[in-house]
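Here is what each chain is made of, one letter per residue.
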Amino acid sequence: MFGYYISLALRSIRGTPILSALMIAAIAVGVGAAMTTLTLNHMMSQNPLDRKDSVLYAVQLDGWDPNEAYDSNNQMPWQLTYKDAQALLRSDIPTHQIAMHRTGFTVEKDNSDLRPFTADTRATTRDFFTLFDVPFIYGGTWNADADKSPVQQVVLSKETNDKLFDGENSVGKSISLNGEPFTVVGVIDHWNPVPKVYDLNNGPFNDSEELYIPFGLHRRFEMYSWGNTNGWKNDDSEGYEGFLQSENIWIQYWVQLDTAEQVEQYRDFLTGYIRQQKEQGRFERPLKFGLSHPSEWLVLNEALRDDNRVLGWLSLAFLLVCVVNAVALLLAKFLRKAPEAGVRRALGASRNAVFTQHLIESACIGITGGLFGILLAILGLQSVKHLAMGYIDQLAYMDWQMVLAAIGLAILASLLAGAYPAWRISRTNPSIYLKTQ
Amino acid sequence: MLELRPMLSAIWRNKISALLIALQLALTLAIISNAAVIVGDRADKMKRPTGMAVDDIISLTFLAIPQDYDMSAAVTADMALLREMPGVMDAAPSNQLPLSGSGSASGYHTKPNEEIGGEGANQFQSDSHFINALGMKLVAGRNFTEADMHVVGPNDNYTPSIAIVTQQFADTMYPEGNALGKYFYGGGDDHPIEIVGIVERNLGSWVNWNNAGNVVVFPTLVVGNFKRYVIRAEPGQRDDVLKRVEDVLAERDPRRVFRIETMSHHKARSYAGDNTMVMVLSAVMGLLTFIVALGIIGLTFFWINQRRKQIGVRRALGATRTAISRYFLLENLIIAGTGIALGLAAAQIFNHMMVSSFKQPPLTLPVMLACALILLSVSIVAALVPALRAANISPATATRSV
């Protein structure tokens, strides 16, 4: 029976090509618009650290200006000062912990024709790779002493290793950063979390860094953050050492706490640290610190912006209009065929059978519309990607989840659109139509 | 107008279809009037004057490869080369690039040693060529001179003594309009900074900042291992200069890595989010209106087909073609009018949610009425095609099919 209904549906669609095309177009445009914005919003609200969400925490300390909160929402500063980061690193409570920031170096390879280039670089303590589960292709991270004293070692991203060493094992080889020799100790596999949850300072959808270097190199290279550095205190510190000891915030800090006990201990540790600093005249604001899971961190930092939510809701309203449009057109179409339905009913078809037949016809229109809708969504994503000028390059594609969602949405839309007209026609009294034949 | 009663009873017989059309129009009006108000808001934002000759400016950032780099000497040599380059009007070093989204800011006060409050301003460190290299207009006071310049390290404890500020910042600090020659101070600082010059405007580094347009310029060269230049080409020469500039600088000193962009590119990137909103919402408005129009055309055709016989009878009884067309147009107008009236209310409800949840601008009456009027015209035009076709139904139809 199902096959017969489908062939009936196809015949009916072919019988009214213009009306059918209008309905398919309405559903395609609605699904296309909705899927374009929903895909973007879906990608923007992902949590790439989902697997470790329950044990990872971003650390915030409120050591800001006693006179004013960091921002108007009474939010704590997003980053830490260098000296607080160094103090927290002395704790042995967390399973893993990292202090880090983004910076940049010029890169050269000796005896090579490769032009020197600038590379985004992450200065971090060695646990970065274990804490975030970053897979290595070759080698591994540097030794613990490299986080305290200047050791010129570097971990390359897969892309950088491809560029410099054609993807070969480069562990032990040397490259020049800012003109100084560094030894490659490891190469990580492609790793590019979207959104860039571990450092949202330069925009949530930026690429991961191209190089990773130890946290002990600050004084050696007088590194600054290629991100945000914020300050409030006008102190008389001089030189780079003065900057490191200042109240400027520019370091991101993450910890891994595996048990509830650890969390409890770490809270006590932070409370104790702030109390002790208060005695020294720092942290004059009310005692406050933050431990946020990656999922909470993304919400706090508003990775998904209001504009995207507006577009999401508007496109759903758009889809609703398209569905209403399709209901009106389907109703018109089915009522025109009412005599046929009347004959079927008179020949013994049940109301349910007539209803099913027409619902299947709506579903056929919906699926066709949905398929065109996916094409439109791909086009839509391409245009939005173009308009956004590189800000969302990593987001503007549909993963299989979104393709399935698009098909689901199209079928749902068409069934919603088809339900009333199909019900309406299944209720018509056959005798009226038989009389006029 | 005598047709009104039969018309209403005809609509009543098709009430579900009529309701669906009205509902579509109501939702559409709610969506497009809210989209229109956002589009208008963003378009206004993007239209703000930047105070600069954006189209002629090239920005250049370089990172020196050697750790110990004589930046001061490099800037002097580069500037001499750049300012002599054919096609270049002027060039200046800078710590940051306007409109790039990257910059530095501080809070300033009109009294010494203030700790609380202060007016945020975007700060630039450059020299006497900055105004000309960006195409800004000095409206009061004087430009910097070579004698004003100070070369300082990135962490030297140094506060400049003079500044050129934008009119907007001058007016915020001194609302009576007498800012020239007055002083301002950093937070908790008693070192006076004199306003020696005022430029008409400069939008500064961040277009989305609440204080965009508050800009102060200091006559300072901060040395380190990276530097930025702004280079203003003669009108129409920008792309030509852009091609040559890296070679000229690299030939003098190849031990550095350059990044060269146009200021138009920075501007477009800074506004990319707003531009995306404008384009996507405009597309939504256009498509939605189109879909609704198609729906009206489709449904009116259907009704007319359903009533071919009745139309034939009316024609046979002496109704003119105009009367038939008018009937369908009027019928459509009643449905569309109802839908749009509903839509006006829905638009207000939508807007209320937009304002309270998503910080979007409030819907103004003129925008809403303009959208309603446009939608009404579209629905009339959409009904026109089928209505004119209906008039062509011959009176014979009535007799033939009975």
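Given the structure is predicted, the values throughout are model-derived calculations rather than measurements. (Residues numbered from 1 in each chain as written. Chains lettered and ligands numbered in written order. Predicted model: local features only at pLDDT ≥ 70, side-chain atom pairs only at ≥ 80, totals over all residues. Heavy atoms only, no water.)

1. Section: the overall build of chain A
Broken down by element type, chain A carries 14 helices and 11 strands. Here chain A has a C-alpha radius of gyration of 30 Å; the compact-globule value for 437 residues is 22 Å, and the former is much larger. C-alpha extents for chain A along the principal axes are approximately 100 × 55 × 35 Å. A burial count over chain A gives 56% of its 437 residues as buried. Carbon and sulfur atoms make up 54% of the accessible area of chain A, which amounts to about 18,700 Å² in all. Across chain A, the centroid of the 37 positively charged side chains sits 16 Å from that of the 46 negatively charged ones. (Helix = DSSP H or I, 4+ residues; strand = E, 2+ residues; numbered from the N terminus. Rg over C-alpha atoms; globule rule 2.2 N^0.38 Å. Buried < 20%, exposed > 50% of the residue type's maximum accessible area, 1.4 Å probe, protein only. Areas by Shrake-Rupley, 256 points an atom, 1.4 Å probe, with all protein chains shown as cover. Lys, Arg positive; Asp, Glu negative; His and termini not counted. Charge placed at Lys NZ, Arg CZ, Asp CG, Glu CD.)

2. Observations regarding the overall build of chain B
Broken down by element type, chain B carries 12 helices and 13 strands. Its C-alpha atoms give chain B a radius of gyration of 33 Å, clearly above 21 Å, the size a compact globule of 402 residues would have. Principal-axis analysis of the C-alpha atoms places the extent of chain B at approximately 100 × 50 × 35 Å. Looking at chain B as a whole, 50% of its 402 residues qualify as buried. Long-range pairs, those at least 24 residues apart, make up 82% of the contacts in chain B with a sequence separation of at least 6. With an accessible surface of roughly 17,700 Å², chain B has 59% of that area assigned to carbon and sulfur atoms. Computed over 35 positive and 33 negative side-chain charges, the separation of the two mean positions in chain B equals 25 Å. (Contact = heavy atoms within 4.5 Å.)

3. Brief notes about the packing of helix H8 (residues 272-306) of chain B against helix H10 (residues 321-358) of chain B
Two quantities define a packed helix pair, namely the angle between the axes and the distance from one axis to the other. All names here are of chain B. Relative to each other, H8 and H10 sit at 130°, their axes nearing to 12 Å. Classified by the angle between their axes, H8 and H10 sit oblique to one another. You can see that H8 and H10 cross each other, and the crossing is right-handed. In contact with Ile-296, Thr-300, Trp-303 and Ile-304 of H8, H10 contributes Phe-328, Glu-331, Asn-332 and Ile-335. (Axes fitted to C-alpha atoms, helices over the stretch in contact; angles between N-to-C directions. Parallel < 35°, antiparallel > 145°, perpendicular 65-115°, else oblique. Left-handed = near helix turned anticlockwise from the far one by under 90°.)

4. Side note on the side chain of Gln360(B)
Secondary-structure assignment places Gln360(B) in the loop between H10 and helix H11 (365-391). Classification of Gln360(B) by relative accessible area gives buried; the value is 5%. In this structure the side chain of Gln360(B) is engaged in a polar contact, spanning 3.4 Å, whose partner is the side chain of Asp307(A). Each residue touching Gln360(B), except ones within four places of it in the same chain, is listed here: Asp307(A), Val310(A), Ile38(B), Arg42(B), Met354(B) and Val355(B). (Polar contact = N/O pair within 3.5 Å; in protein donor to acceptor, adjacent residues only side chain to side chain.)

5. Side note on the domain arrangement of chain B
What the domain assignment lists for chain B is domain 1 (4-47 + 273-400) and domain 2 (66-254). Between domain 1 of chain B and domain 2 of chain B, the C-alpha centre-to-centre distance is 55 Å. (Domains from an automatic or database assignment.)

6. Thoughts on the interface of chain A and chain B
The figure often quoted for interface size is the accessible area lost as the parts come together. Taken together, the 57 residues of chain A in the interface contact 56 residues of chain B. Buried area between chain A and chain B, summed over both chains or domains, comes out near 4,800 Å², and the portion from carbon and sulfur atoms is 66%. Looking at the side of chain A facing chain B, the largest losses of area belong to Leu314(A), Leu387(A) and Met389(A), adding up to 13% of the total buried there. Where chain A meets chain B, there are four salt bridges. Linking chain A to chain B there are 13 residue pairs in polar contact (both at pLDDT 80 or more). If one sorts the elements of the side of chain A that touches chain B by residue count, helix H10 (residues 306-336) of chain A sits on top with 21 residues. Of the residues that constitute the side of chain A that touches chain B, the class distribution is 34 nonpolar, 10 polar and 13 charged. (Buried area = accessible area lost by both parts, 1.4 Å probe. Salt bridge = Lys/Arg side-chain N within 4 Å of Asp/Glu carboxyl O. Nonpolar A, V, L, I, M, F, W, Y, C, P; charged D, E, K, R; others polar.)

7. So, a negative patch on the surface
Residues and elements named next belong to chain A. Residues Glu-159, Asp-189, Asp-207 and Asp-393 make up a contiguous surface patch of negative charge. Counting through the fold element by element, Asp-393 comes out in the loop between helix H12 (351-387) and helix H13 (400-426). For Asp-393, a relative accessible area of 42% puts it in the partly exposed group. (Patch = residues over 30% accessible without salt bridge, like charges linked within 9 Å, V, L, I, M, F, W, Y side chains within 5 Å.)

8. Considering the packing of helix H1 (residues 2-15) of chain A against H12(A)
Residues and elements named next belong to chain A. Following both chains from N to C, one finds H1 and H12 inclined at 60°, their axes separated by 9 Å at the closest point. Considering their axes alone, H1 and H12 lie oblique with respect to each other. Taken as a pair, H1 and H12 cross one another with a handedness that is right-handed. Contact with H1, carried on its side by Phe-2, Tyr-5, Ile-6, Leu-8, Ala-9, Ser-12 and Ile-13, involves Ala-353, Thr-356, Gln-357, Ile-360, Glu-361, Cys-364 and Ile-365 of H12 and no other residues of that element.

9. Concerning the packing of aromatic side chains
The tally for this structure, following the rule as stated, stands at 39 aromatic pairs over all chains. For the pair Trp254(A) and Trp297(A), a centre-to-centre distance of 6.2 Å together with 80° between the ring planes defines the contact as edge-to-face. With Trp254(A) in strand E10 (residues 249-256) and Trp297(A) in helix H9 (residues 294-300), the pair connects residues that are 43 residues apart, well separated along the chain. A single burial state applies to Trp254(A) and to Trp297(A), both of which are buried. Ring centres of Trp206(B) and Trp209(B) lie 5.2 Å apart, and the angle between their planes is 75°; on these two criteria the pair is classed as edge-to-face. What links up through ring pairs into an aromatic cluster is the set Trp78(A), Phe128(A), Phe129(A), Phe132(A), Phe136(A), Trp142(A), Trp191(A), Tyr198(A), Tyr212(A), Trp254(A) and Trp297(A). (Phe/Tyr/Trp six-rings, centres within 6.5 Å; stacked < 30°, edge-to-face > 60°.)

10. Quick word on the nonpolar core
Nonpolar side chains tend toward joint burial in soluble globular proteins. With 110 residues, the main nonpolar core has Met35(A), Ile392(A), Leu395(A), Met398(A), Ile31(B) and Leu281(B) as its most contacted residues. At 19 residues, the largest contribution of residues to this core is made by H10(A). Ignoring sequence-local partners within four residues, the contact set of Met398(A) consists of Met35(A), Thr39(A), Ile374(A), Ala377(A), Ile378(A), Leu381(A), Val403(A) and Ala406(A). By size, the runner-up hydrophobic cluster in this structure holds 46 residues, among which are Leu88(A), Phe105(A), Phe165(A) and Tyr253(A). (Core = buried A, V, L, I, M, F, W, Y, C linked by side-chain atoms within 4.5 Å.)

11. Considering the pairing of strand E12 (residues 226-233) of chain B
For a regular strand, the rule is simple: side chains alternate between the two faces of the sheet. All names here are of chain B. Counting buried positions along E12 gives seven out of eight residues, so the element sits mostly inside the fold. The pairing of strand E2 (residues 88-94) with E12 spans six bridges and is classified as antiparallel. Note that in E12 the partner of Asp-90 across the bridge is Arg-232. (Pairing = 2+ DSSP bridges.)

12. Points about the pairing of strand E1 (residues 56-61) of chain A
Residues and elements named next belong to chain A. Buried residues dominate E1, accounting for six of its six residues. Side chains Leu-56, Ala-58 and Gln-60 of E1 all project onto a buried face; the interleaved residues Tyr-57, Val-59 and Leu-61 project onto the opposite face, where all are buried too. Across three bridges, the pairing between E1 and E10 is antiparallel. In the strand pairing of E10, Tyr-57 is matched with Val-255. As paired strands, E1 and strand E11 (residues 289-292) are joined by four bridges and run antiparallel to one another. Following the sheet pairing, Ala-58 is matched in E11 by Ser-292.

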